[in-house]
Amino acid sequence: MTVMTKSPILTLRGVCKSYGLTEVLHDMDLDIYAGEVVALLGENGAGKSTVSNVISGTVLPSAGDMTWQGARYAPANPREAIDLGVGMIHQELLLLPNLSVAENIFVGRYPMSGGRVDRRKMEEEAYKGLDRLGLEISPRRAVEGLSTANQQLIEIAKALTLNAKLLILDEPTATLGVDETRLLFDQIDRLRSEGVGIVYISHRLEEIKKIADRIVVMRDGEKVREFDTADLPVRTIVEAMVGRPLEKMFPPLAEPAQEIVLKVQGLSAANGRFSDVNFEVKKGEIFGIAGLVGAGRTDLVRAIAGADPIGSGAVLLDGRDVTPKSPEDAIVNGIVLVPEDRKLQGLVLDHSIEENIAYSNRESVAQSGWVSRARIRDFAARNIQQFGVKGIGPQIADELSGGNQQKVVIAKWLARNPRVVLLDEPTRGIDVGARSSIYEIIYALAQQGVAVVLVSSDLEEVLGVSNRILVMAAGEQAGILDHTEANDVSVMELATR
């Protein structure tokens, strides 16, 4: 991991960005060299995305100067940046579901022959990008229906076909498992050896130590620290990000009651993605579900929540068979799901915070069948305060940070006082400060006697918050570990068996 040239390929000097009177980026200086990986870190709202969007041509700076390979650089749009050799993979998926995988990879830059799209060449090049990431998907199939993890890999494959000299990767592993992350890191190492500069944004600090050469830390729109190595204690990095001493991330686990709230018996998916799963969750227990991407974790909790059809088996609540045929069945019986993709499945982004909370709680905001605006406002305000959402009721959900959007999704379901809460990747793409507050909500739920089921691709997270852990492998139940015996080795041995 060595810098290949003494002259930066990209420089930022005094770059600022304001929206009206609000300055979101202040006096940013940054150098990126060929053949290095620079980790750009900070809490949500620190300015990381703004810097990335300025570099990639998505946002125009209000002040300051940039150079690219020694010449003035001021892209008016992403197309200009891409043409100059600067590409970006966004955290939020930007794929077009009705187009094929190959069409998504080359959208806006289709290879042409004789005035027509050269589909054979497009599909061949798309296959090469997919193969480099170990993704066994036909370039001809539609994106619609693919898992979130596979869609993320397609976004990465798209970037690999750009032949860019600078790549910005925004949370590229947020939905990836161990094997997919390893393949991505192999590609990053290869690109680095070829002299490509990489800006890497992630909230997974352990992976930063593995992949980055340098670390730049931002807070409140400014660069506050720069480390010339990534080989640092996680605590040092986090304290630079939050600007205060770090408290313990995972509080001590409480012992759950003996009363069984949720029981899953011989559950199998109608589509075959998992089979014969059996477990129980006690009152006040946090029950983790771990496994590699494609192991069936999300499919399992969606089935329990009635979002996907069940082929066989039963779901019992307090000893009563409540096997759901629809999400409404589960909700009525006190089982709620905070889904993996908060933007597509958890929120109506162009509606307000208070409207999003009200949609799941019409009984609380309607009187004699009529929805009351005042009731919506008061009900939402109480939940916004209770769950620490940094926003006001009338604010549009799309304007919130990822952490606060997740809190809104959690708030709208917890307002129903459920018996079982299913959390699928609850801290995906969320900074360390927001993660800590979401863990506090999870612990508080358990202390109130709620049965919590948590799916996470972050092994440190599932180990840190769970009383017990169910490990899935290729759609089957590989084992259940108590927190006293669970560690990264024991979990991965089961996950890869």
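Above this text you will find the structure in question.
In this text the structure is predicted, and so the values were computed from the model without any measurement. (Residues numbered from 1 in each chain as written. Predicted model: local features only at pLDDT ≥ 70, side-chain atom pairs only at ≥ 80, totals over all residues. Heavy atoms only, no water.)

*Asks:* I would appreciate a short explanation of the overall build of the chain in the present structure.
*Replies:* Summing up its helical and strand segments, the chain has 18 helices and 24 strands in all. A compact globule built from 497 residues would reach a C-alpha radius of gyration of about 23 Å, and the chain, at 23 Å, matches this within 12%. Overall, the chain is about 70 × 50 × 50 Å in size when its C-alpha atoms are taken along their principal axes. Residue pairs at least 24 apart in sequence account for 66% of intrachain contacts in the chain once pairs closer than 6 positions are excluded. A total of about 21,800 Å² of accessible surface is found on the chain, and carbon and sulfur atoms cover 48% of it. Each charge class in the chain was averaged separately, 54 positive and 68 negative side chains, and the resulting centres sit 2 Å apart. (Helix = DSSP H or I, 4+ residues; strand = E, 2+ residues; numbered from the N terminus. Rg over C-alpha atoms; globule rule 2.2 N^0.38 Å. Contact = heavy atoms within 4.5 Å. Areas by Shrake-Rupley, 256 points an atom, 1.4 Å probe, with all protein chains shown as cover. Lys, Arg positive; Asp, Glu negative; His and termini not counted. Charge placed at Lys NZ, Arg CZ, Asp CG, Glu CD.)

*Asks:* Would you mind going over the pattern of salt bridges with me for this structure?
*Replies:* This structure, assessed with the given rule, holds 23 salt bridges. For Glu-125, the salt bridge identified is with Lys-128, shortest N-O distance 3.3 Å. Of this pair, Glu-125 and Lys-128 are both found in helix H4 (residues 119-132), 3 residues apart, which corresponds to roughly one turn of the helix. For the salt bridge of Asp-189 with Arg-192, the shortest nitrogen-to-oxygen distance reads 2.4 Å. Of the two residues, Asp-189 and Arg-192 both sit in helix H6 (residues 178-193), 3 residues apart, roughly one turn of that helix. Judged by its relative accessible area of 37%, Asp-189 is partly exposed. Of the residues examined, Arg-192 reaches a relative accessible area of 6% and is grouped as buried. What emerges from the salt-bridge pattern is a single network uniting Glu-36, Arg-214, Lys-223 and Glu-226. (Salt bridge = Lys/Arg side-chain N within 4 Å of Asp/Glu carboxyl O. Buried < 20%, exposed > 50% of the residue type's maximum accessible area, 1.4 Å probe, protein only.)

*Asks:* What exactly am I supposed to notice about H4 here?
*Replies:* Side chains of residues three or four places apart in an α-helix project in the same direction, reflecting 3.6 residues per turn. The terminal C-alpha atoms of H4, which comprises 14 residues, lie 20 Å apart, in line with the 20 Å expected from a rise of 1.5 Å per residue. Taken together, the buried positions of H4 are occupied by Met-122, Glu-123, Ala-126, Gly-129 and Leu-130. Buried residues of H4, viewed axially, fall in a sector of 125°; they line one side. Against helix H3 (101-106), strand E8 (116-117) and helix H5 (148-160) lie the buried residues of H4. Once H4 finishes, Gly-134 follows within two positions and takes phi at roughly 70°, a positive value. (Expected span 1.5 Å × (residues − 1). Arc of directions from axis to C-beta.)

*Asks:* So what exactly am I meant to see when it comes to the nonpolar core here?
*Replies:* Proteins that are soluble and globular tend to have nonpolar side chains buried together. Ranked by size, the top nonpolar core spans 52 residues in total, and within it Ile-442 and Val-471 carry the most contacts. Here this core takes 8 residues from helix H16 (residues 432-447), the largest share from any one element. Residues within four places of Ile-442 in sequence aside, it is in contact with Ile-286, Leu-423, Val-452 and Leu-454. Ranked by size, the runner-up nonpolar core spans 49 residues in total, among them Ala-39, Ala-102, Leu-176 and Ile-198. (Core = buried A, V, L, I, M, F, W, Y, C linked by side-chain atoms within 4.5 Å.)

*Asks:* What should I look at first to understand the side chain of Ser-490 in this one?
*Replies:* If you trace the backbone, Ser-490 turns up in helix H18 (residues 488-495). Excluding anything up to four places from it in sequence, Ser-490 contacts Leu-481 and Glu-485.

*Asks:* Looking at this model, I keep getting lost on the sheet that holds strand E16 (residues 310-317). Mind explaining?
*Replies:* Across a sheet, strands are paired by hydrogen bonds formed along the backbone, either parallel or antiparallel in direction. Within the open sheet, the 4 strands sit side by side as E14-E13-E16-E17. Their pairing is antiparallel. Because the sheet does not close on itself, it has two edges, and the strands there are strand E14 (277-282) and strand E17 (320-321). Inspection of the sheet shows strand E13 (residues 260-269) paired to E14 by 5 bridges, in the antiparallel sense. Counterpart to Val-264 in the pairing with E14 is Phe-279. (Pairing = 2+ DSSP bridges.)

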